[in-house]
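# Overview (structure and organization)
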Amino acid sequence: MPLDQSFTGRSYPPGDVYEVGREKIREFADAVGATSPLHRDPEAARAAGYADVIAPPTFATIISMKATSVIVDDPELGLDYSRVVHGSQTFVHHRPMVAGDRLVSTSHVDDVQTRMGNDFLTIRAEIATEDGEAVCTSTGLLVARGEDA
Amino acid sequence: MSRLPASKATLGDELPAKQVRVKRDDLVRYAGASLDFNPIHWNERFADEVGLPGVIAHGMLTMALANELVSDWVGDPGAVIETTTKFTRPVPVPNDGVGALLEITGKVTEVREDGTAKVSVTVTFEGQTVLGRPTATVKLG
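A brief structural summary. (Residues numbered from 1 in each chain as written. Chains lettered and ligands numbered in written order. Predicted model: local features only at pLDDT ≥ 70, side-chain atom pairs only at ≥ 80, totals over all residues. Heavy atoms only, no water.)

## A look at the overall build of chain B
The following threshold applies: Secondary structure is summarised from DSSP: a helix means a run of H or I of at least four residues, a strand means a run of E of at least two, and numbering begins at the N terminus for each. With a 1.4 Å probe rolled over the protein chains alone, any residue whose accessible area is under 20% of its type maximum counts as buried; one over 50% counts as exposed, and the rest are partly exposed. Any two residues having at least one pair of non-hydrogen atoms within 4.5 Å are treated as being in contact. Under the convention used here, a 1.4 Å probe and the Shrake-Rupley method define accessible areas, while residue burial counts only the protein chains that appear.
Across its full length, chain B holds 3 helices and 6 strands. When the helices and strands of chain B are listed from N to C terminus, the series reads β-α-α-α-β-β-β-β-β. In terms of overall dimensions, chain B has a C-alpha envelope of 50 × 30 × 25 Å along the principal axes. In chain B, buried positions account for 50% of the 141 residues. In chain B, the share of contacts with a sequence separation of at least 24, taken over all contacts with a separation of at least 6, comes to 67%. Summing over all exposed atoms, chain B offers an accessible surface of approximately 6,500 Å²; the carbon and sulfur share of this is 51%.

Okay, here's the thing in C-alpha coordinates:
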(Lines give C-alpha, C1' and ligand atoms only; values in the text may rest on other atoms or scores of the structure.)
Protein backbone atom coordinates (compact mmCIF):
# COMPACT_ATOMS: atom_id res chain seq x y z
CA MET A 1 0.00 0.00 0.00
CA PRO A 2 1.45 3.42 -0.91
CA LEU A 3 2.49 5.67 1.94
CA ASP A 4 0.08 8.40 2.98
CA GLN A 5 1.24 11.57 1.22
CA SER A 6 -0.46 13.73 3.83
CA PHE A 7 2.53 12.94 6.09
CA THR A 8 4.54 15.50 4.09
CA GLY A 9 5.34 18.42 6.39
CA ARG A 10 4.73 16.47 9.57
CA SER A 11 7.13 17.12 12.46
CA TYR A 12 7.82 15.07 15.54
CA PRO A 13 8.76 16.44 18.96
CA PRO A 14 12.40 16.25 20.10
CA GLY A 15 13.58 12.95 21.49
CA ASP A 16 15.98 12.22 24.35
CA VAL A 17 19.28 14.04 24.77
CA TYR A 18 22.27 12.36 23.09
CA GLU A 19 25.53 13.08 24.85
CA VAL A 20 28.54 12.87 22.52
CA GLY A 21 31.28 10.85 24.22
CA ARG A 22 35.03 10.77 23.56
CA GLU A 23 35.11 6.99 23.47
CA LYS A 24 32.16 6.76 21.06
CA ILE A 25 33.95 9.17 18.74
CA ARG A 26 37.11 7.05 18.94
CA GLU A 27 35.13 3.86 18.29
CA PHE A 28 33.41 5.41 15.26
CA ALA A 29 36.67 6.87 13.95
CA ASP A 30 38.29 3.42 14.20
CA ALA A 31 35.36 1.85 12.33
CA VAL A 32 35.63 4.24 9.36
CA GLY A 33 39.43 4.37 9.23
CA ALA A 34 39.54 8.00 10.36
CA THR A 35 43.11 8.57 11.50
CA SER A 36 43.04 12.25 12.50
CA PRO A 37 44.32 12.94 16.04
CA LEU A 38 41.46 15.46 16.31
CA HIS A 39 39.16 12.45 16.91
CA ARG A 40 41.32 11.04 19.70
CA ASP A 41 43.60 13.57 21.36
CA PRO A 42 41.88 16.38 23.32
CA GLU A 43 45.12 18.41 23.36
CA ALA A 44 45.45 18.23 19.58
CA ALA A 45 41.77 19.17 19.24
CA ARG A 46 42.18 22.17 21.55
CA ALA A 47 45.28 23.26 19.62
CA ALA A 48 43.12 23.23 16.47
CA GLY A 49 40.57 25.48 18.16
CA TYR A 50 37.98 22.94 19.33
CA ALA A 51 36.70 22.52 22.88
CA ASP A 52 37.39 18.77 22.81
CA VAL A 53 37.82 15.92 20.31
CA ILE A 54 35.58 16.27 17.25
CA ALA A 55 33.48 13.60 15.56
CA PRO A 56 34.02 12.41 11.96
CA PRO A 57 31.51 14.12 9.62
CA THR A 58 29.28 11.07 9.23
CA PHE A 59 29.13 10.40 12.99
CA ALA A 60 25.88 12.37 12.82
CA THR A 61 24.26 9.24 11.37
CA ILE A 62 24.05 7.77 14.90
CA ILE A 63 21.99 10.69 16.12
CA SER A 64 19.91 11.16 12.99
CA MET A 65 19.00 7.45 12.74
CA LYS A 66 17.90 7.49 16.36
CA ALA A 67 15.90 10.68 15.78
CA THR A 68 14.20 9.57 12.60
CA SER A 69 13.27 6.15 14.01
CA VAL A 70 10.20 7.96 15.34
CA ILE A 71 9.09 8.37 11.70
CA VAL A 72 10.27 5.00 10.43
CA ASP A 73 8.50 3.23 13.32
CA ASP A 74 5.36 5.38 13.26
CA PRO A 75 2.54 2.79 13.01
CA GLU A 76 0.29 5.39 11.36
CA LEU A 77 2.77 5.78 8.50
CA GLY A 78 3.18 2.02 8.21
CA LEU A 79 6.58 1.87 6.53
CA ASP A 80 7.78 -1.72 5.99
CA TYR A 81 11.40 -1.32 7.02
CA SER A 82 12.38 -4.74 5.66
CA ARG A 83 11.74 -3.31 2.17
CA VAL A 84 13.67 -0.09 2.75
CA VAL A 85 16.94 0.87 1.11
CA HIS A 86 18.86 4.07 1.74
CA GLY A 87 18.62 6.22 -1.39
CA SER A 88 20.71 9.24 -0.46
CA GLN A 89 22.11 11.12 2.49
CA THR A 90 23.24 14.68 3.16
CA PHE A 91 24.76 16.21 6.28
CA VAL A 92 25.08 19.97 6.61
CA HIS A 93 27.34 20.74 9.55
CA HIS A 94 26.70 24.10 11.15
CA ARG A 95 29.70 23.23 13.32
CA PRO A 96 31.54 19.97 14.11
CA MET A 97 30.16 17.72 16.84
CA VAL A 98 32.40 17.86 19.89
CA ALA A 99 32.75 15.46 22.82
CA GLY A 100 30.55 16.71 25.62
CA ASP A 101 27.85 18.09 23.31
CA ARG A 102 24.36 17.37 24.61
CA LEU A 103 22.21 17.15 21.50
CA VAL A 104 18.50 17.04 20.84
CA SER A 105 16.89 16.35 17.47
CA THR A 106 13.58 17.12 15.90
CA SER A 107 12.45 14.99 12.98
CA HIS A 108 10.54 16.09 9.93
CA VAL A 109 8.91 14.39 6.95
CA ASP A 110 9.95 16.61 4.03
CA ASP A 111 8.43 14.59 1.21
CA VAL A 112 6.44 11.46 0.48
CA GLN A 113 6.08 10.16 -3.07
CA THR A 114 5.07 6.97 -4.77
CA ARG A 115 6.51 6.22 -8.19
CA MET A 116 6.39 2.95 -10.12
CA GLY A 117 5.07 1.21 -7.01
CA ASN A 118 8.01 2.33 -4.84
CA ASP A 119 7.68 4.76 -1.93
CA PHE A 120 10.16 7.61 -1.55
CA LEU A 121 10.35 9.15 1.89
CA THR A 122 12.55 12.19 2.55
CA ILE A 123 13.22 12.65 6.23
CA ARG A 124 15.23 15.33 8.02
CA ALA A 125 16.67 15.58 11.51
CA GLU A 126 17.56 19.00 12.88
CA ILE A 127 20.23 18.38 15.48
CA ALA A 128 20.96 21.14 18.00
CA THR A 129 22.39 21.55 21.48
CA GLU A 130 20.04 21.60 24.45
CA ASP A 131 20.49 25.38 24.42
CA GLY A 132 19.26 25.57 20.85
CA GLU A 133 22.53 26.06 18.95
CA ALA A 134 22.16 24.42 15.52
CA VAL A 135 24.79 21.70 14.99
CA CYS A 136 23.76 19.55 12.02
CA THR A 137 20.97 19.10 9.50
CA SER A 138 20.71 15.51 8.30
CA THR A 139 18.52 14.71 5.31
CA GLY A 140 17.98 11.18 4.06
CA LEU A 141 15.96 9.56 1.32
CA LEU A 142 14.49 6.17 2.15
CA VAL A 143 13.12 4.04 -0.66
CA ALA A 144 10.63 1.29 0.18
CA ARG A 145 10.50 -1.19 -2.67
CA GLY A 146 6.95 -2.00 -3.67
CA GLU A 147 5.53 -5.52 -3.45
CA ASP A 148 5.95 -6.05 -7.18
CA ALA A 149 9.11 -3.99 -7.67
CA MET B 1 47.20 19.24 12.35
CA SER B 2 46.40 22.32 10.39
CA ARG B 3 43.80 23.07 7.83
CA LEU B 4 44.72 23.35 4.15
CA PRO B 5 44.97 27.07 3.31
CA ALA B 6 42.72 28.43 0.58
CA SER B 7 45.85 29.40 -1.38
CA LYS B 8 46.75 25.71 -1.71
CA ALA B 9 43.48 24.56 -3.28
CA THR B 10 43.10 24.88 -7.04
CA LEU B 11 40.30 23.88 -9.33
CA GLY B 12 41.08 20.50 -10.82
CA ASP B 13 43.47 19.38 -8.05
CA GLU B 14 43.35 15.64 -7.57
CA LEU B 15 43.31 14.30 -4.03
CA PRO B 16 45.70 11.45 -3.16
CA ALA B 17 43.77 8.34 -4.23
CA LYS B 18 43.48 5.33 -2.00
CA GLN B 19 42.29 1.76 -1.88
CA VAL B 20 40.33 0.48 1.08
CA ARG B 21 39.59 -3.17 1.68
CA VAL B 22 36.31 -3.86 3.46
CA LYS B 23 35.95 -7.25 5.10
CA ARG B 24 33.15 -8.86 7.04
CA ASP B 25 34.68 -7.93 10.39
CA ASP B 26 34.80 -4.30 9.26
CA LEU B 27 31.03 -4.43 8.75
CA VAL B 28 30.52 -5.86 12.23
CA ARG B 29 32.76 -3.16 13.68
CA TYR B 30 30.88 -0.43 11.79
CA ALA B 31 27.52 -1.88 12.85
CA GLY B 32 28.57 -1.62 16.49
CA ALA B 33 30.05 1.85 16.15
CA SER B 34 27.12 3.31 14.18
CA LEU B 35 24.41 1.28 15.96
CA ASP B 36 23.11 0.21 12.53
CA PHE B 37 22.39 -3.46 13.14
CA ASN B 38 20.36 -4.09 9.99
CA PRO B 39 20.99 -7.83 9.37
CA ILE B 40 21.61 -7.28 5.63
CA HIS B 41 25.07 -6.12 6.74
CA TRP B 42 26.10 -9.26 8.64
CA ASN B 43 23.57 -12.08 8.18
CA GLU B 44 23.94 -14.07 4.94
CA ARG B 45 20.67 -15.92 5.37
CA PHE B 46 18.71 -12.71 5.86
CA ALA B 47 20.44 -10.93 2.96
CA ASP B 48 19.64 -13.84 0.64
CA GLU B 49 16.02 -13.89 1.76
CA VAL B 50 15.50 -10.24 0.83
CA GLY B 51 17.06 -10.78 -2.58
CA LEU B 52 20.45 -9.12 -2.10
CA PRO B 53 23.70 -10.46 -3.61
CA GLY B 54 24.75 -11.65 -0.14
CA VAL B 55 25.79 -9.48 2.79
CA ILE B 56 26.43 -5.91 1.64
CA ALA B 57 28.42 -3.06 3.15
CA HIS B 58 26.54 -0.25 4.90
CA GLY B 59 26.10 2.57 2.38
CA MET B 60 26.93 4.89 5.24
CA LEU B 61 30.27 3.12 5.74
CA THR B 62 31.14 3.64 2.07
CA MET B 63 30.09 7.29 2.45
CA ALA B 64 32.31 7.63 5.54
CA LEU B 65 35.29 6.10 3.69
CA ALA B 66 34.75 8.51 0.79
CA ASN B 67 34.61 11.35 3.27
CA GLU B 68 37.90 10.33 4.88
CA LEU B 69 39.70 11.04 1.61
CA VAL B 70 38.49 14.62 1.92
CA SER B 71 39.20 14.92 5.65
CA ASP B 72 42.77 13.70 5.12
CA TRP B 73 43.32 16.12 2.26
CA VAL B 74 41.99 19.17 4.09
CA GLY B 75 43.82 18.18 7.29
CA ASP B 76 40.91 18.87 9.64
CA PRO B 77 37.73 16.75 9.63
CA GLY B 78 35.94 19.71 11.21
CA ALA B 79 36.46 21.60 7.95
CA VAL B 80 33.83 19.45 6.21
CA ILE B 81 30.71 21.61 6.30
CA GLU B 82 28.58 19.54 3.96
CA THR B 83 28.72 16.01 2.63
CA THR B 84 26.22 14.32 0.36
CA THR B 85 25.81 11.17 -1.71
CA LYS B 86 23.37 8.86 -3.40
CA PHE B 87 23.65 5.13 -2.85
CA THR B 88 23.48 3.63 -6.31
CA ARG B 89 25.00 0.14 -6.15
CA PRO B 90 25.44 -2.31 -3.28
CA VAL B 91 28.91 -3.54 -2.33
CA PRO B 92 28.76 -7.29 -1.55
CA VAL B 93 31.24 -8.34 1.12
CA PRO B 94 31.82 -12.10 0.98
CA ASN B 95 32.83 -13.96 4.11
CA ASP B 96 36.11 -15.10 2.57
CA GLY B 97 38.67 -13.11 4.53
CA VAL B 98 39.37 -11.05 1.41
CA GLY B 99 36.27 -8.87 1.25
CA ALA B 100 35.74 -6.05 -1.22
CA LEU B 101 38.33 -3.61 -2.51
CA LEU B 102 37.15 -0.03 -2.98
CA GLU B 103 39.06 2.50 -5.07
CA ILE B 104 38.52 6.06 -3.88
CA THR B 105 39.55 9.18 -5.80
CA GLY B 106 38.65 12.83 -5.48
CA LYS B 107 38.96 16.08 -7.38
CA VAL B 108 38.46 19.75 -6.52
CA THR B 109 35.53 20.91 -8.64
CA GLU B 110 34.97 24.39 -7.21
CA VAL B 111 37.00 26.93 -5.26
CA ARG B 112 34.86 29.80 -4.06
CA GLU B 113 35.55 33.38 -3.02
CA ASP B 114 34.24 32.70 0.48
CA GLY B 115 37.09 30.30 1.27
CA THR B 116 35.15 27.11 0.66
CA ALA B 117 35.86 24.42 -1.90
CA LYS B 118 33.85 21.57 -3.32
CA VAL B 119 35.34 18.13 -3.83
CA SER B 120 33.80 15.41 -5.98
CA VAL B 121 34.67 11.90 -4.90
CA THR B 122 34.45 8.67 -6.86
CA VAL B 123 34.19 5.27 -5.23
CA THR B 124 34.45 2.24 -7.48
CA PHE B 125 34.16 -1.47 -6.81
CA GLU B 126 35.13 -3.94 -9.54
CA GLY B 127 35.28 -1.07 -11.99
CA GLN B 128 31.81 0.34 -11.30
CA THR B 129 30.87 3.34 -9.20
CA VAL B 130 28.88 2.52 -6.08
CA LEU B 131 28.01 6.04 -4.90
CA GLY B 132 26.14 8.64 -6.95
CA ARG B 133 27.79 12.06 -7.08
CA PRO B 134 29.38 12.02 -3.64
CA THR B 135 30.57 15.54 -2.88
CA ALA B 136 31.93 17.35 0.13
CA THR B 137 32.18 21.06 0.80
CA VAL B 138 35.07 22.18 2.97
CA LYS B 139 35.96 25.44 4.68
CA LEU B 140 39.60 26.07 3.87
CA GLY B 141 42.07 27.67 6.25
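## Points about the packing of helix H1 (residues 22–31) of chain A against helix H1 (residues 24–34) of chain B
For clarity, the cut-off: Note on definitions: angles span 0 to 180 degrees between N-to-C directions of axes, and those axes are lines fitted to C-alpha atoms, for helices only across the stretch in contact. By the definition adopted for this analysis, an angle is roughly parallel if under 35 degrees, roughly antiparallel if over 145, roughly perpendicular if from 65 to 115, and oblique otherwise. By the definition used in this description, the sense in which the near helix is turned from the far one sets the handedness, with an anticlockwise turn below a right angle giving left-handed and a clockwise turn giving right-handed. Any residue that is not Ala, Val, Leu, Ile, Met, Phe, Trp, Tyr, Cys, Pro, Asp, Glu, Lys or Arg is counted as polar, Gly included; the first ten are nonpolar and the last four charged.
Relative to each other, H1 of chain A and H1 of chain B sit at 150°, their axes nearing to 9 Å. Overall, the two elements H1 of chain A and H1 of chain B adopt an arrangement that is roughly antiparallel. In the packing of H1 of chain A onto H1 of chain B, the handedness of the crossing is left-handed. Seen from H1 of chain A, the contacting residues are Lys 24, Glu 27, Phe 28, Asp 30 and Ala 31 of chain A; seen from H1 of chain B, they are Arg 29, Tyr 30, Gly 32, Ala 33 and Ser 34 of chain B. Across the contact of H1 of chain A with H1 of chain B, the residue classes break down as 4 nonpolar, 2 polar and 4 charged.

## A few points about the packing of aromatic side chains
Cut-off, in case you're wondering: Only Phe, Tyr and Trp rings take part, Trp by its six-membered ring, and two of them pair if their centres are within 6.5 Å. Stacked means planes under 30 degrees apart, edge-to-face means over 60, and tilted covers everything else.
The full count for this structure, using the stated rule, is 2 aromatic pairs over all chains. With centroids separated by 5.5 Å and ring planes inclined at 80°, the aromatic side chains of Phe 28 of chain A and Phe 59 of chain A adopt a geometry described as edge-to-face. Residue Phe 28 of chain A is located in helix H1, and its partner Phe 59 of chain A is located in the loop between helix H2 (42–47) and helix H3 (60–72); the two are separated by 31 residues in the primary sequence. A relative accessible area of 0% places Phe 28 of chain A in the buried class. What makes Phe 59 of chain A buried here is its relative accessible area of 0%. Pairwise contacts between aromatic rings join Phe 28 and Phe 59 of chain A together with Tyr 30 of chain B into one cluster.

## Considering the interface of chain A and chain B
Basically, it comes down to this: Note on definitions: buried area is the accessible-area loss of two parts on being combined, 1.4 Å probe, summed for both. Take a side-chain nitrogen of Lys or Arg and a carboxyl oxygen of Asp or Glu: if they are within 4 Å of each other, that pair is a salt bridge. Any N or O atom pair separated by 3.5 Å or less is treated as a polar contact, with the protein-specific requirement of one donor-capable and one acceptor-capable atom, and with residues adjacent in sequence counted only for side-chain atom pairs.
Taken together, the contact between chain A and chain B spans 33 residues of the former and 32 residues of the latter. Between chain A and chain B lies a buried interface of about 2,500 Å² when both sides are counted; carbon and sulfur atoms form 62% of it. Along the contact surface separating chain A from chain B lie 0 salt bridges. Counting across the interface, chain A meets chain B through 10 residue pairs in polar contact (both at pLDDT 80 or more). Secondary-structure elements contributing two or more residues to the side of chain A that touches chain B are H1, H3 and strand S3 (84–93) of chain A.

## With respect to the pattern of salt bridges
All names here are of chain A. Summed over all chains, the structure comprises 18 salt bridges over all chains. Here Asp 30 and Arg 40 are joined by a salt bridge, their closest N and O atoms 2.7 Å apart. Note that Asp 30 is positioned in helix H1 and Arg 40 in the loop between H1 and H2, a separation of 10 residues in sequence. In this structure Arg 40 comes out as partly exposed when scored by relative accessible area, which is 25%. Taken together, the salt bridges that share partners define one network made up of Glu 19, Arg 102 and Glu 130.

## Quick notes on the environment of Phe 125 of chain B
All names here are of chain B. If you trace the backbone, Phe 125 turns up in strand S4 (residues 116–125). Between the C-alpha atoms of Phe 125 and Leu 102, which are 23 residues apart in sequence, the distance is 5.1 Å. For Phe 125, the contacting residues outside a window of four places in its chain are Val 91, Pro 92, Ala 100, Leu 101, Leu 102 and Val 130.

## Considerations on helix H3 (residues 59–74) of chain B
Residue and element names in this part refer to chain B. Rules: How far a helix is expected to stretch is found by multiplying one less than its residue total by 1.5 Å.
Look at H3: 23 Å from first C-alpha to last across 16 residues, which is about the 22 Å you get at 1.5 Å a residue. The element H3 is largely enclosed, with a buried count of 14 among its 16 residues. Directly beyond the C-terminal end of H3, a positive phi value near 85° is found at Gly 75.

## Some words on the nonpolar core
Basically, it comes down to this: To form a nonpolar core, buried Ala, Val, Leu, Ile, Met, Phe, Trp, Tyr and Cys residues must be joined to one another through side-chain atoms within 4.5 Å.
Counting residues in each nonpolar core, the largest one holds 68 residues, and the members touching the most others are Phe 59 and Met 97 of chain A together with Trp 73 of chain B. By residue number, the principal contributor to this core is H3 of chain B, which donates 10 residues. If we skip the residues at most four places from it in the chain, Trp 73 of chain B touches Leu 4, Ala 9, Leu 15, Pro 16, Val 108, Val 119, Val 138 and Leu 140 of chain B. Counting 14 residues, the second-largest nonpolar core is a separate cluster that includes Leu 3, Ile 71, Leu 77 and Val 109 of chain A.

## Examining H1 of chain A
Formally: Here, the arc refers to the directions that run from the helix axis to the C-beta atoms.
Burial in H1 of chain A covers these residues: Lys 24, Ile 25, Phe 28, Ala 29 and Ala 31 of chain A. Around the axis of H1 of chain A, the buried residues are gathered within 160° of arc, so they sit on the same side. Where the residues of H1 of chain A are buried, they touch strand S2 (18–19) and H3 of chain A together with H1 and H3 of chain B. Just beyond H1 of chain A, the residue with positive phi is Gly 33 of chain A, at close to 65°.

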